[in-house]
Amino acid sequence: MPDKNDLGASEFHETIRGGEHVLIRRVRPEDMTLYPDFLAHVSAEDLRLRFFAHIAELSAAESDKLTHLDYRHEMAFIALDEDAGHMLGLVRLKDGLDEETAEFAILVRSRLKGHGLGWLLMRRVIDYAKEKGLRRVYGDVLIENTSMLQMCAELGFHMMEDVGSDIRRVALDLETSAVNEQ
């Protein structure tokens, strides 16, 4: 097993549909300055689908929490436009109390939905979870977020119990599933 300090340290260079050159790497504290521009390019509807509530902007405390992680129990990967340096997307993973499961959350710029960026970020967080030795990754998704539910199904996630009348829990068993290549 790799050194725990090195988990998630790799950087990846990708090109997504639309031609953007993307760097995917661990979030750093200095990335906090990228959030206002990023969130300005995420529609109110996409923010609602991600946070399950209408929000205008993240508070300073919420932004700080997203960039200052306890790497023993949390990880976040950022996607950056390699040419302009803009934040294009983010995926987070937070360990459960059992330290065998972790919950993911993801958000990409609205104009990039359907360009493969979410897929790349999810693949990165799944690979990280496997490196870390986790057994399961899960997330809660609004049932109306059909594109997210479809992507999760394509990645091998299974629908679990309903968490509420309008929320589905999706889970990926990391020990038995082979994540599909794009």
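Here, every reference points to the structure presented above.
Throughout this document, residue positions are counted from 1 along each chain, in the order its sequence is written. Given that the model is predicted, a residue must reach a pLDDT of at least 70 before its local features are reported, and side-chain atom pairs must reach 80 or more before they are shown or counted; all residues, however, enter totals for whole chains, interfaces and linings. Hydrogen atoms and water are omitted, and side-chain values are computed over all heavy atoms in the structure.

**A look at the packing of helix α4 (residues 117-132) against helix α5 (residues 146-154)**
- Lines fitted to the C-alpha atoms define the axes, with helices restricted to the stretch that makes contact. Angles between their N-to-C directions range from 0 to 180 degrees. Here a strand is any run of E in DSSP of at least two residues, a helix any run of H or I of at least four, and the numbering for each starts at the N terminus. Direction vectors running N to C along α4 and α5 enclose 50°, while the axes themselves pass 11 Å from each other. Judged by the inter-axis angle, α4 sits oblique to α5. The two elements α4 and α5 cross, and the hand of that crossing is right-handed. Where α4 approaches α5, its residues Gly-118, Trp-119 and Met-122 are matched on the opposing element by Met-148, Met-151 and Glu-154. Roughly parallel means an angle under 35 degrees; roughly antiparallel, over 145; roughly perpendicular, 65 to 115; everything else is oblique. Crossings are assigned a handedness: left-handed for a near helix turned anticlockwise from the far helix by less than a right angle, right-handed for a clockwise turn. Here, two residues are considered to be in contact whenever any of their heavy atoms come within 4.5 Å of each other.

**Let's talk about the pattern of salt bridges**
- The term salt bridge refers to a pairing of a side-chain nitrogen on Lys or Arg with a carboxyl oxygen on Asp or Glu at a separation within 4 Å. Considering all chains together, one arrives at 13 salt bridges under this definition.
- Between Arg-72 and Asp-70 there is a salt bridge whose closest N-O contact spans 3.0 Å.
- Only protein chains enter the calculation, and the probe is 1.4 Å; a residue is then buried if its accessible area is under 20% of its type maximum, exposed if over 50%, and partly exposed in between. On the accessibility criterion, Asp-70 (27% relative accessible area) is partly exposed.
- Among the salt bridges present, the one from Asp-140 reaches Arg-169, with a minimum N-O distance of 2.7 Å. Separated by 29 residues along the polypeptide, Asp-140 in strand β6 (residues 136-142) and Arg-169 in strand β8 (residues 167-173) bring together distant segments of the chain.
- Exposure remark for Arg-169: the relative accessible area of 18% places this residue in the buried category.
- Each of the salt bridges in this network shares a partner with another, and the network as a whole consists of Glu-100, Arg-135 and Glu-175.

**Description of the pairing of β6**
- Here β6 lies mainly inside the structure; five of its seven residues are buried.
- Pairing of strand β5 (residues 101-108) with β6 involves three bridges; the strand directions are parallel. Considered in β6, the bridge of Glu-103 is made with Tyr-138.
- Assessed by its sense of winding, the connection that carries the chain from β5 through α4 to β6 is right-handed. In this description, strands pair whenever DSSP reports at least two bridges between them. Look down the strands so they point away from you; if the path from the first strand over the helix to the second goes clockwise, the crossover is right-handed.

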